[in-house]
Amino acid sequence: ALDRVTFNIRTVGAVFELGCGSARLLRHLRCIQGIRLVGSDVNENCIKWCRKHIAGIEFHRNGLQPPLNFLEGTSVDLIMASSVFTHIPLEWQRPWLEELHRVLRPGGIFLCTVLGRTYEETMLSHEDREALQKDGHLVLHAQDSKASLATQHAGSCDVFQTRAEVVAVFGSVFRILDYVDRGAGGQDLLVLRKKRHE
């Protein structure tokens, strides 16, 4: 995805992963000399585990809502958020997008995933899919029997949005460079850029 938008990961100064969990993505970048790697998660146990077992990365606990105080005065080149906006309540979505926009340098890239067609077909009933198309979004809460195991365990939610709503909401804050429908391959991938003049 980064190659397609001519973004060279080897030349960046700082990378931030929101909702890093066990740092399954961020840990692979430790081979790049001189890069600052920062991960955060709302789950304190994940952060404690990462600090104990993964060297070469700064780990911080973030709140359920912005701001990211540990990134004050910092500008990062790349932000990753895999399976994060799939669980952020709709009313917090825009504040999180604006906060990530704030800490990203002009021209920087934001990679994130959203629940796409495959998840709609496997998790939602026919009535749910009709409601999603009508309203542009649908949320499954932890108590819902159709909610993902991750949502049931964490007590969060599964957020579904139509492609049109994703484009409208994410595109109101960032420039959308690519929207990859990954089909059965997993969550859909958004490649977003902060405009250079901002």
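The rules behind these values
Residues numbered from 1 in each chain as written. Predicted model: local features only at pLDDT ≥ 70, side-chain atom pairs only at ≥ 80, totals over all residues. Heavy atoms only, no water. Helix = DSSP H or I, 4+ residues; strand = E, 2+ residues; numbered from the N terminus. Rg over C-alpha atoms; globule rule 2.2 N^0.38 Å. Buried < 20%, exposed > 50% of the residue type's maximum accessible area, 1.4 Å probe, protein only. Contact = heavy atoms within 4.5 Å. Areas by Shrake-Rupley, 256 points an atom, 1.4 Å probe, with all protein chains shown as cover. Salt bridge = Lys/Arg side-chain N within 4 Å of Asp/Glu carboxyl O. Pairing = 2+ DSSP bridges. Axes fitted to C-alpha atoms, helices over the stretch in contact; angles between N-to-C directions. Core = buried A, V, L, I, M, F, W, Y, C linked by side-chain atoms within 4.5 Å. Expected span 1.5 Å × (residues − 1). Phe/Tyr/Trp six-rings, centres within 6.5 Å; stacked < 30°, edge-to-face > 60°. Lys NZ or Arg CZ within 6 Å of the ring centre and 35° of its normal.

Would you mind showing me how to read the overall build of the protein chain here?
Along its length, the protein chain carries 6 helices and 9 strands. Taking 16 Å as the expected radius of gyration for a compact globule of 198 residues, we find that the protein chain reaches 17 Å, a close match to that expectation. The principal-axis extents of the C-alpha atoms in the protein chain amount to approximately 50 × 40 × 30 Å. Residues counted as buried form 48% of the 198 residues belonging to the protein chain. Intrachain contacts of the protein chain at a sequence separation of at least 6 include 60% that bridge at least 24 residues. Carbon and sulfur atoms form 50% of the exposed surface of the protein chain, whose accessible area is close to 10000 Å².

I would appreciate a short explanation of the pattern of salt bridges in the present structure.
All told, the structure shown has 11 salt bridges when counted by the stated rule. Residue Lys48 pairs with Glu44 through a salt bridge whose shortest N-O separation is 3.8 Å. Of this pair, Lys48 and Glu44 are both found in helix 1 (residues 44-53), 4 residues apart, which corresponds to roughly one turn of the helix. Judged by relative accessible area, which is 39%, Glu44 ranks as partly exposed. The partner of Asp77 in a salt bridge is Arg105, and the shortest N-O contact between them spans 2.4 Å. Remark: Arg105 occurs in strand 5 (residues 104-114) and Asp77 occurs in strand 4 (residues 76-81); sequence separation between them is 28 residues. A relative accessible area of 11% places Asp77 in the buried class. Among the charged side chains, a network of salt bridges with common partners joins Glu44, Lys48 and Arg61.

Is there a simple way to think about the sheet that holds strand 1 (residues 14-18) in this case?
Within a beta sheet, neighbouring strands are joined by backbone hydrogen bonds and run either parallel or antiparallel to one another. An order of 3-2-1-4-5-9-8 is seen for the 7 strands of this open sheet, with the pairing classed as mixed. Each of the sheet's edge strands pairs with one partner strand only, and the pair in question is strand 3 (58-61) and strand 8 (175-180). For this sheet, the mean inter-axis angle between neighbouring strands, taken without regard to orientation, is 15 degrees. Examined bridge by bridge, strand 8 and strand 9 (residues 188-193) share 5 bridges and lie antiparallel to one another. Bridge pairing links Val180 to Leu189 in strand 9. Together, strand 1, strand 4 and strand 5 form the strand contacts of helix 2 (residues 90-103), whose direction differs from that of strand 5 by roughly 145 degrees. The strands that helix 6 (residues 163-171) touches are strand 5, strand 8 and strand 9; relative to strand 8, the one it contacts most, it runs at about 150 degrees.

What is the right way to read the nonpolar core from this model?
Looking at soluble globular proteins, one finds that nonpolar side chains tend to be buried together. Among the nonpolar cores identified, the biggest contains 28 residues, and Phe16, Phe85, Leu100, Phe110 and Phe170 are the most heavily contacted of them. Setting aside anything within four residues of it in sequence, one finds Phe16 in contact with Val38, Gly39, Ser40, Leu68, Phe70, Leu71, Val76, Leu78, Ile79, Met80 and Leu100. Counting 24 residues, the second largest nonpolar core, distinct from the first, contains Leu37, Cys50, Leu78 and Leu189.

How should I be thinking about the environment of Leu37 in this particular structure?
The residue Leu37 is located in strand 2 (residues 36-41) in this model. Spatially, the C-alpha atom of Leu37 lies 34 Å from that of Glu120, the residues being 83 residues apart in sequence. Residue contacts for Leu37: discarding those within four places in its chain leaves Val15, Leu26, Leu29, Arg30, Gly56, Ile57 and Glu58.

Quick question: what am I supposed to make of helix 2 here?
Because an α-helix packs 3.6 residues into every turn, residues spaced three or four apart end up facing the same way. If you check helix 2, its first and last C-alpha atoms are 21 Å apart, about what 14 residues at 1.5 Å a residue would give, namely 20 Å. Listed in full, the buried residues belonging to helix 2 are Gln93, Trp96, Leu97, Glu99, Leu100, His101 and Val103. At its buried positions, helix 2 is contacted by strand 1, strand 4, strand 5, strand 7 (157-161) and helix 6.

Honestly, the packing of aromatic side chains in this entry has me stumped. Any pointers?
A ring pair, where both rings are aromatic, is described by two values, the distance of the centres and the angle of the planes. Considering all chains together, one arrives at 4 aromatic pairs under this definition. When the centroid spacing of 5.4 Å and the interplanar angle of 50 degrees are considered together, the rings of Phe110 and Phe174 count as tilted. One end of the pair, Phe110, is in strand 5; the other, Phe174, is in the loop between helix 6 and strand 8, with 64 residues separating them in the sequence. Take Phe110: its relative accessible area is 0%, and that puts it in the buried class. Over the aromatic face of Tyr179 sits the side chain of Arg163, whose NZ or CZ is 3.9 Å from the ring centroid.

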